[in-house]
Amino acid sequence: MNPHLDRLHPYPFEKLRQLFAGVTPSPEHAHISLGIGEPKHPTPAFIQKALTHSLAGLAVYPTTHGGEALRGAIAGWLERRYGIPPLDPATMVLPVNGSREALFAIAHCTIDASKAGALVVCPNPFYQIYEGAAYLSGAEPYFVNSEPARNFGCDYGSVPDEVWERVQLLFVCSPGNPTGAVLTLDDWRELFALSDRHGFVIAADECYSEIYFGATPPLGGLEAAHQLGRSTGDQPYKNLIVFSSLSKRSNVPGMRSGFVAGDPALLKTYLLYRTYSGGAMSPIVQAASIAAWGDETHVQENRNLYKEKFSLITPLLKQVMDVELPDAGFYLWADVRRTGLSDTEFAKGLYAAYNVTVLPGSYLARDAHGTNPGRNRIRMALVAGVDEGLEAANRIVQFCKDLKSA
């Protein structure tokens, strides 16, 4: 067996299952889950139609590189969304079966484990795939804590030079899971300078980019690179590779449709790796994906539903806990210390009393630099419909009031 498997932590939802073991939730309340970030808004009918009208594709072996039409649709979307120069669909875009497996695979493609002390830098808290990818590629994760005083941004300037010298891969998540924080242009300028100095690859997870609450869309990695003069020349988007997906944008998590884009030199190597290790995207999923990337009306409608939910639910929860509207994404990252409970005690008590599931923040982070930045926080995924989300919020408020009166 691969000895690195023993280093993997239980996944957060397994920890949650263990936390709830033996707890019988209140039978007076139907279960509402705010624990898993699984979009619950309806899948647009035109995407379903494109899928079912392409069933002839089942008789065709797909290529790892994906069809020219899909790569062109993705490149076109990136150009429109981020105002960047035209991308070469043949060398700068690669369709993948959801961003999860692609994020995991990039570590195996980029890490040279023969170099002693190889490091993968991750934000903390973080999407657990980053840590697993680091361990199973033969590297060690190095965590940079998110800081509330920095709008939950990471202080990369605090990382010592002797650490950066060992870094081969840096994962960033913008908008962040679970904090919703978005990297600024100054953040990107700092990261690009560090990458240039130390030679590491930047893997930018941008799966929540289309769910935001202000007038300005979140800044993307390719967009930042273009604004900083890194999109042209002999090495366009040098050492930058971005990941995105239709799951959140278009409410199709079951399609497992995403892409990787950026540095053509990196993508050439990544395509070679995936030719052996990655599953090719089904032609019928490719057809539905082309339709989805080509339409923005359903994305705006989806975004409006999230705006409505967050505008109604956030003020309710602010009565009983410390929580603010995030920059983007569909999570609320709340501090529950006012209740007198830890994050795990809060999640367990809420489930028992009101049959609402939330995820303890400490399950999404690691102890690093003397603290666990997820401790005493909970993550709430506002993925259900408006009415169900409001019902969950009202139960949470009542649970907190019950604690106070007790």
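The structure we're discussing is the one just above.
Okay, so let's go over this structure. (Residues numbered from 1 in each chain as written. Predicted model: local features only at pLDDT ≥ 70, side-chain atom pairs only at ≥ 80, totals over all residues. Heavy atoms only, no water.)

Which parts of space are left empty comes out when a probe the size of a water molecule is rolled across the atoms. One pass over the full model with this rule turns up two cavities of 30 Å³ or more. Approximately 40 Å³ is the volume attributed to the largest cavity. The wall of the largest cavity is formed by W77, C207, Y208, S209, E210, I211, S244, S245, K248 and R249. Across the lining of the largest cavity, the residue classes break down as four nonpolar, three polar and three charged. If you add up the space inside the second largest cavity, you get close to 30 Å³. Along its surface, the second largest cavity is lined by T63, T64, G66, P95, R274, G279, A280 and M281. In the lining of the second largest cavity, the residues fall into three nonpolar, four polar and one charged. (1 Å grid on protein atoms, 1.4 Å probe; cavity = no way out; pocket = protein on both sides within 12 Å on 5 of 7 lines; lining within 4 Å. Points joined across faces, edges and corners; volume = space filled by probe spheres on them. Nonpolar A, V, L, I, M, F, W, Y, C, P; charged D, E, K, R; others polar.)

With an omega of 10 degrees, the peptide bond between N124 and P125 qualifies as cis. The linkage connecting S174 with the following residue, P175, adopts the cis geometry, with an omega of -5 degrees. With respect to the helices, strands and loops of the structure, P175 is situated in the loop between β6 (167-173) and α7 (185-198). Phi angles above zero are rare outside glycine, and F152 is one such case at about 65 degrees. Mapped onto the fold, F152 is located in the loop between β4 (140-147) and β5 (153-154). Here the phi dihedral of N239 falls at roughly 60 degrees; this positive angle occurs in a residue that is not glycine. Position of N239 relative to the elements: it lies in the loop between α8 (221-227) and β8 (240-245). (Helix = DSSP H or I, 4+ residues; strand = E, 2+ residues; numbered from the N terminus.)

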